[in-house]
Each structure stands twice: as C-alpha cells, then as structure tokens.
Amino acid sequence: MDTEKVLQISHLEKSFGTHEVLRDIDFTVNKGEAISIIGPSGSGKSTLLRCVNLLETPTGGNIYYHGKDITDAKMNIPSYREHVGMVFQNFNLFANMTVLENCMTGPVTVAKKSKKEAKELAIKFLEKVGMEQYINAKPRQLSGGQKQRVAIARALAMEPEVLLFDEPTSALDPQMVGEVLSVMSKLAKEGMTMLVVTHEMAFAKEVSDKVIFMADGVIVEEGSSSDIFEHAKQEQTKEFLNRFHTTV
Amino acid sequence: MISEMNFFERIIYILQNYGISYLKGAGTTLLIALVSTAIGCVIGFAVGIVQTIPVDKKRDGIGKRFLLGLVKVILKAYVEIFRGTPMIVQAVFIYFGLSQMCNIQLGMWQAAFLVVSINTGAYMAESVRGGIISVDPGQMEGAKAIGMTHVQAMLKVILPQAFRNIIPQIGNNFIINIKDTSVLSVISIVDLFFVHKSVAGALYTYFESATIVMCIYLTMTLVSSRLLALWERKLDGDDNYELVDVMDIGNQMRVSGRGRA
C-alpha cells in the first residue's frame, strides 16, 4: 500500500464569530485513497471540506499539502487550488460558457495550456463522464445530473492531485444520483485521491478506503469501511448508521 | 407673415428655414449621449469593480487594506455627490469652477462630454456593482476552486455576466442622456434644445418648435430602445444546442465512456 501523505490536517479549528463549527480535527489523506466523510447535517462536514480548499479560512490549526503549510499567510492559494479541485453541491458551473468552455477555461487561464491542448483535455474528461455530446450546450440547458458530471469534468481537466466533493448528489433527483455516483466510483477505482462529503451511505460503504464519521464539529470515529459500517465502536456512530440500515 | 399662418404652415415654415439647424442639434445631442454613455460605462465599471474587491484580513497587509479602504470611500463620495445633485447644476459647477479655480477654459465638446460622462459614471457604478452582486457567488467559488485568482475570475466569469445583466441599465442611461443633454444649454452647448430655444425665441413659435423637437427626441429614443432590444436578443444567443456526434471526437470512448447509471 502506497502511503505517501498528500494532505495532513492537524488540530484544525473553525469558528464563525463565537460559534465553533470545527474542533481539533486531525486526519491524513494518503495518495490514491478515497475517503468519505459522513455524519448528521450541521456536524461541520462541508465546512471542513471548504477549509481544506481554503474557501473558508480556518481559525486554528494547520493543513499540510505535501508537508507545506497552506494556512500560512504567504502561501499562494490559487496555485494550491490547481492541485486540489472541488466539486460543489450546486455545481457552480459558469453560466456564460458552454460545457466545453467550462472545462477549457481552467487549463487555459490557470494552467496556461494552449487552446488545442485544453480542448483535448476537456473532451477527454467529458468523455469520461459521458457528456461529450453536450459540448455546445449551456449549463442552463442541462439536467442536474448532467451539470454535476460536467462540473466533475471541469475539475478533472485541471488534472488535480486531489478532488474534494461537497455533497455532490444532495441537490439531485433520486434518478440522477446514480449517474453521478457511478462516475465517482469509476474515479475512485482508477486511484484518484478523493475526499467526499456525502449522505449516500451505500457509496461510502462500497467505494471508500476510509470513512470518517463526524458529529458536532469533531471526528467521532474513523476507520476502514467495515470498521465503521460493521464494527463501529462509538454509540453515536451506531445510532447514526442504524437509521440508514433499512435503506442500505 | 408667420403671425398669419396656421399651426401646420408654421411648422413647415420653420422646417424649411431651420430644418438643418434642428438636424445638427439632434446630431450633437446624439453624439454627446453616445460618447458620454460609453465613457460613463467605463467609469462605472472601474468604480463598480473596485467597490467589489474583497479584503482578506489575514493575508492582505495593513497598507493595502488602508489604501483600498480610502479609495472605496472616495469612490462612494463621488457616486453620492453626482447622483445626489442635478446635472444642470453640475454643468455650471464644473464649467465655471474649472475656469475660475483652475483657469481651464473648456470647449463645448469637452465640457459636454466631461459633465455627462461623470454623471453617467456615478449611476453606472451602482448598476455595475448590482450586476456583479447579482451573479451567483457560487460561480466565484467555482472559479477559485480551479485555481483562478480574483482578477481572472472577474474577467472570465463574473464580468461577462454582470455586463449582460446591466445592458438594460446601459440602454436606460443612454436614453436618459439623449433627453438630459438638453440641460447643457445652460453652458451654451448647441444641442437640439438650444436650437429650439433660439428658433422659438426668434420667431415666437414656442409651441410649433416644441412639437418638432418633441418628435425628434421621441424618434431618437424609440429607435435607440429598439436597437438595444435587438442587441440584447443577439447576446443571449440561441436557446437550442446541437448534440455532437461522438464519432467525431473519440470512437474508443463511445461504449465505455458513459457514466450513466
């Protein structure tokens, strides 16, 4: 097992004013791992993910990317984000661009690739998510599941080392959830390093190498998929999972 | 004699003798409105963009934050002053102020462009700010998440949409400017309204001349709003899109490349 540390989160804290959302969060993301973060709503999962991409500024602790502290004020955030992509609950596609342009603009503007190279990259990843037919469509013309697949292709086109997924299926109709999850499973199988905040317990159980259970701003328990789903040690974890067992 | 003519005869008489003057006046009005709206938009974009620059307390130095804060206060004052006073007073204030305090004697065109541009800029600044805010903030996050800087995200993602959102405002301002240049006659700018005043004063035909001028103004504004509507429709593009034949872009992925469940 390759255990190169990509991300190391250490004593991470985040408060909004006096409201503490995250307390003393510690975990490591190794290369090639797919990690699911599960837990009740309001437990701080999304905030944690947004802190990892510095869309929220942590109020304490450190995040190391290959040993470099990205919470340091001198750190170049945009160049860090090139390597750590993010997929959002609400897709956040660029409404003024076509599907193809959405996937090309990162490689061209940020990675300074030629138009031709960027187009090849974009099409390669649009094919991966099964959206290559729609390159001329605008986001508003697509369904939710299609939008999310394009958003995944857009993130992939930056050829990131890590991909963060912030509840990628929560805004989708049940019949569209599957198409997005199958893309994500494929990525995980190909060895993409992924950090996924999700309410899809089946996905967390089947696909992840590691599962983190959070509640009230702390990590309650973490371990392999079977550690959490079959042999959970903490009462809170068992209680949370019990509510899902009927559906899993 | 003109005093013995009826309404229509008078109008024909005026048009025969002064038609060219009216057209020249209308041309001046249109040119001032066009140029000043364009410059006003540039000012408005500059001010609106600066007003929406975010500050990061942790990463930005105190010097940068202070400077940005100061510039924002100055720009806010500019917007409030020029939105909050009548353009007719601004024209007098700027024209005579520059001459008296700075010894600068503005020509007719310079004075007109300056006053109307500054005034339009103040209105456009708020429109641009609104246009920027109205773009879903998620798109800014989406842009940042693929490594764009604030400037790149603004140029590629936010401003094109903000621009599209405020085209109706630009059109509005243009139409307002066509009408409001009439106040520039106080600093002797020979626009359409100035021509009207001269002709009406010479012939004592206020009603007839006003009728002509009303028609000219209305024609200019109606044509402008039609053209703007066409432009907007063109910018929105087609509502349909073509599915691309997958054969063209990669045969090998055709079967395996689908992610659908």
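Reading guide: rules and limits
- Residues numbered from 1 in each chain as written.
- Chains lettered and ligands numbered in written order.
- Predicted model: local features only at pLDDT ≥ 70, side-chain atom pairs only at ≥ 80, totals over all residues.
- Heavy atoms only, no water.
- Pairing = 2+ DSSP bridges.
- Helix = DSSP H or I, 4+ residues; strand = E, 2+ residues; numbered from the N terminus.
- Axes fitted to C-alpha atoms, helices over the stretch in contact; angles between N-to-C directions.
- Contact = heavy atoms within 4.5 Å.
- Buried area = accessible area lost by both parts, 1.4 Å probe.
- Salt bridge = Lys/Arg side-chain N within 4 Å of Asp/Glu carboxyl O.
- Expected span 1.5 Å × (residues − 1).
- Buried < 20%, exposed > 50% of the residue type's maximum accessible area, 1.4 Å probe, protein only.

Caption draft 1: Molecular detail of the sheet that holds strand β7 (residues 162-166) of chain A. All names here are of chain A. Reading across from one edge, β6-β7-β8-β3-β9-β10 is the order of the six strands in this open sheet, with mixed pairing throughout. Pairing within the sheet leaves two strands with one partner each, and these edge strands are β6 (84-87) and β10 (218-223). The average undirected angle you get between the axes of adjacent strands in this sheet is 20°. With four bridges joining them, strand β3 (residues 34-38) and strand β9 (residues 210-215) adopt parallel strand pairing. Bridging from a neighbouring strand, I38 pairs with F213 of β9. Lying over the sheet, helix α1 (residues 45-52) contacts β3, β6, β7, β8 (193-197) and β9, oriented at roughly 150° with respect to β7.

Caption draft 2: Fine view of the pairing of β10(A). Residue and element names in this part refer to chain A. Relative to β10, β9 runs antiparallel, the two being bridged by five bridges. Note that in β10 the partner of M214 across the bridge is I219. With antiparallel pairing between neighbouring strands as the criterion, β9 and β10 make up a hairpin whose turn holds two residues, including D216 at a positive phi of roughly 50°.

Caption draft 3: Expanded view of the interface of chain A and chain B. Across the contact, 50 residues belong to chain A and 37 residues belong to chain B. Overall, the association of chain A and chain B removes approximately 3,600 Å² of surface from exposure, summing both partners, and the carbon and sulfur fraction of that is 54%. Counting across the interface, chain A meets chain B through one salt bridge. Note that A:R50 and B:E141 form a salt bridge whose closest N and O atoms lie 2.6 Å from each other. Counting residues per element, the ones that place at least two in the side of chain A that touches chain B are α2 (77-83), β6, α3 (99-110), α4 (115-128), α5 (144-156) and α6 (174-189) of chain A.

Caption draft 4: Summary view of α5(A). Residue and element names in this part refer to chain A. Its 13 residues give α5 an end-to-end C-alpha distance of 18 Å, which sits within 8% of 18 Å, the value for a rise of 1.5 Å per residue. Burial analysis of α5 places twelve of its 13 residues in the buried class, which makes it a mostly covered element. The complete set of buried residues in α5 reads G144, G145, Q146, Q148, R149, V150, A151, I152, A153, R154, A155 and L156.

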